[in-house]
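Take a look at the letters that make up each chain.
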Amino acid sequence: MSDATQFDVVVIGAGAAGLFCAAQAGQRGLKVLLIDHSERIAEKIRISGGGRCNFTNRDLDPRAPQKHFVGENPNFCRSALSRYTAQQFIALVDRHGIAHHEKHKGQLFCDGPSQQIINMLLAECADGGVIHWQPCSVKSVAYSAADGGARRYQVDTSRGPVAAPNLVIATGGLSIPQLGASDFGYRIARQFDLEVIPPRPALVPLTFAGEGWAPYAGLAGLALPVQIETGAKKERMAFLEDLLFTHRGLSGPAVLQISSYWKEGTPLTIDFAPGTDVAAALGEAKARSRKRIGNELATLVPSRLADAWVDGEPALQRPINEAADRALQALAERIERWQITPAGTEGYKKAEVTAGGVDTRELSSQTMESRKQPGLHFIGEVVDVTGWLGGYNFQWAWASAFACAAAL
Ligand code: FDA
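The structure presented is a predicted model; accordingly, all values stated were derived computationally and were not measured.

Glancing now at the UniProt feature "domain: RsdA/BaiN/AoA(So)-like insert" (unreviewed entry) in the chain. What UniProt calls "domain: RsdA/BaiN/AoA(So)-like insert" (unreviewed entry) maps, in this numbering, to residues 200-353. With 33% helix and 23% strand, the stretch residues 200-353 has end C-alpha atoms that lie 9 Å from each other.

On a regular strand, one side chain projects to one face of the sheet and the next to the other, so that they alternate. As judged from the five bridges shared by strand β9 (residues 151-157) and strand β10 (residues 160-164), these two strands associate in the antiparallel manner. Following the sheet pairing, V155 is matched in β10 by V162. The loop that links β9 with its antiparallel partner β10 comprises two residues.

In this section: the sheet that holds strand β21 (residues 376-378). If you trace the five strands from one edge of the open sheet to the other, you get β7-β2-β1-β11-β21, paired in parallel fashion. Edge positions in the open sheet fall to β7 (131-133) and β21, since each of these has one partner strand only. Pairwise comparison of adjacent strand axes, ignoring direction, gives a mean angle of 20 degrees for this sheet. Pairing of strand β1 (residues 9-12) with strand β2 (residues 32-35) involves four bridges; the strand directions are parallel.

Among the residues making up helix α2 (residues 43-51), those that are buried are E43, I45 and S48. On its buried face, α2 is in contact with α1 (16-27), β3 (54-57), α5 (115-127) and α13 (392-407). Just downstream of α2, C53 is the residue with a positive phi angle, here 45 degrees.

Residues in close proximity to the ligand total 29 residues, the closest being A17, D36, S182, E381 and F394. Note that an oxygen atom of the ligand is positioned 2.9 Å from one of the side-chain N or O atoms of S38. At 2.7 Å, a side-chain N or O of E381 approaches an oxygen atom of the ligand. Coverage of the ligand by the protein chains reaches 92% of its 1000 Å² of free accessible surface.

Think of a sheet as strands paired side by side through backbone hydrogen bonds, with each pair either parallel or antiparallel. Reading across the sheet, the three strands line up as β8-β9-β10 and stay open at both edges, with antiparallel pairing between neighbours. Edge positions in the sheet fall to β8 (138-145) and β10, since each has one partner strand and no second. Shown here is a sheet whose adjacent strand axes are inclined to one another by a mean of 20 degrees, direction ignored.

Before going further, it helps to examine the packing of α1 against α5. Two elements in contact, α1 and α5, have axes whose closest approach is 7 Å; the angle formed by their N-to-C orientations is 25 degrees. Classified by the angle their axes make, α1 and α5 are roughly parallel. Relative to α5, the crossing made by α1 is left-handed. Residues L19, F20, A22, A23 and Q27 of α1 pack against L121, L122, E124, C125 and D127 of α5. Within the contact of α1 with α5, the residues separate by chemical class into seven nonpolar, one polar and two charged.

This part covers the packing of aromatic side chains. For the structure on display, the rule yields 23 aromatic pairs. Summarising the aromatic geometry, the rings of Y153 and F192 are spaced 6.1 Å apart at their centres and angled 70 degrees between planes, so their arrangement reads as edge-to-face. With Y153 in strand β9 and F192 in the loop between α6 (184-191) and β12 (196-202), this residue pair connects regions lying 39 residues apart in the sequence. Consider the rings of F239 and Y261, whose centres lie 6.0 Å apart with planes at 45 degrees: the pair is tilted. With a gap of 22 residues between them, F239 in strand β15 (residues 237-245) and Y261 in the loop between α8 (253-259) and β17 (268-271) connect regions that are remote in the sequence. Connected via pairs of aromatic rings, a cluster forms that spans F20, F55, Y84, F89, F394, W398 and F402. For the cation-ring pair, K31 lies above F7, with the distance from its terminal atom to the ring centre recorded as 4.8 Å. Its end group placed over the ring of F109, K103 keeps NZ or CZ at 4.5 Å from the ring centre.

Turning our eyes to something else, we now look at the UniProt feature "domain: RsdA/BaiN/AoA(So)-like Rossmann fold-like" (unreviewed entry) in the chain. Residues given the UniProt feature "domain: RsdA/BaiN/AoA(So)-like Rossmann fold-like" (unreviewed entry) here are residues 8-406. Spanning residues 8-406, this segment combines 31% helix with 24% strand, and its end C-alpha atoms are found 13 Å apart.

Here the focus is the packing of α1 against α13. Viewed as axis vectors pointing N to C, α1 and α13 meet at an angle of 30 degrees, and their least axial separation amounts to 8 Å. Judged by the sense of rotation from one axis to the other, the crossing of α1 with α13 is right-handed. Packed against α1, whose contacting residues are A16, A17, F20, C21, Q24 and A25, the element α13 presents F394, A397, W398, A401, F402, C404 and A405 at the interface. Among the residues making up the contact of α1 with α13, the classes are represented as twelve nonpolar, one polar and no charged.

The rules behind these values
Residues numbered from 1 in each chain as written. Predicted model: local features only at pLDDT ≥ 70, side-chain atom pairs only at ≥ 80, totals over all residues. Heavy atoms only, no water. UniProt positions renumbered as here; feature names shortened; annotations may be inferred. Helix = DSSP H or I, 4+ residues; strand = E, 2+ residues; numbered from the N terminus. Pairing = 2+ DSSP bridges. Axes fitted to C-alpha atoms, helices over the stretch in contact; angles between N-to-C directions. Buried < 20%, exposed > 50% of the residue type's maximum accessible area, 1.4 Å probe, protein only. Contact = heavy atoms within 4.5 Å. Near = heavy atom within 4 Å. Polar contact = N/O pair within 3.5 Å; in protein donor to acceptor, adjacent residues only side chain to side chain. Areas by Shrake-Rupley, 256 points an atom, 1.4 Å probe, with all protein chains shown as cover. Parallel < 35°, antiparallel > 145°, perpendicular 65-115°, else oblique. Left-handed = near helix turned anticlockwise from the far one by under 90°. Nonpolar A, V, L, I, M, F, W, Y, C, P; charged D, E, K, R; others polar. Phe/Tyr/Trp six-rings, centres within 6.5 Å; stacked < 30°, edge-to-face > 60°. Lys NZ or Arg CZ within 6 Å of the ring centre and 35° of its normal.

Structure (structure tokens):
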């Protein structure tokens, strides 16, 4: 094999993690080949954050990753997140003169288009002399080790064979297949006998069965702040965020966040008036008002929701001063603790990320290298580490890429 096809490291997948890892490895003096099968580079960065790339989160505490990351072992990401922090990525963004702002809950967005982050990563790759092959598909990966221990990954690509002692898999998850997502990473993991936690869509809208959902379909487009919960006791998760009614179900940040924790067949509990004692407010209205119940409820929640909640309930079609206490209590319960069981999710087409992936027990948390397959690394979303909405997934991509590159 000629020098031209011999590298120190081949990185497969030129998304967030792959670009950053290739740049870091190149800047450390390694000869790096970065391969991607898509025509366009880093499409998920381009569309992220509504086109403004929510590139990290200031609130991320690397000492407590379980606060913002989901997976079989959220503590796995502690080491990488501590060694490459949100502040370090912000410093890089600042060095490249990219203006940014904090939206809410520590979320940092570009002031301009996400393309600025892609340009920054490409400039970092250029600094490291990274060679790009794109579009280029990988046909097969083979491993051999010489008697002396010299290892070699032979990667057969649509542009010919290449070889390197180190292979980094940064091919992401399954979400948004139209942007080039593939199961390549999971297939390579299985080829080398690594366990994969079954992938599933996460940060995804939830859907509800046709007939049961019919009374709420008319609320499509309504958005309001809610408290949403799932799970019992130790597994209970709750978010205080905005919820959006859609034609098929529920979306918005509250629902995307809870979707990463929701288990099929289990209910969600939603408080449509967080921070308000609805029973007390209705009781107080009953004592002083002759308005209809729906109108009084509309002072506590949006009127479209109030109408939907009293419609079809004969006991609620009257002035509030004539309402039975029991009927008002039941109404308050349905506003504060509405229980509904999703039928499923909108799937990978609409999921921002994929939960599950390469089992973290297979990887070193220091280097992202496989424990049983020397020189084989997995970084970014392909690993069973899933962040909350709000820049956490990109920070995992940067941090895992950095940890990997530092160890090559
Ligand atoms: P990523 O998906 O970025 O890259 C994988 C690359 O591998 C792609 O370029 C793909 O073409 C390539 N590839 C796949 N299969 C291949 C194969 N067989 N051969 C060669 N190449 C292959 N996160 C966040 O923190 N803030 C945000 O604002 C958002 N916003 C957001 C919006 C939307 C609509 C989505 C879908 C996702 C987000 N995310 C996000 C999530 C974030 O985009 C995601 O977690 C990271 O991009 C993951 O980075 P990776 O590099 O691991 O995969």
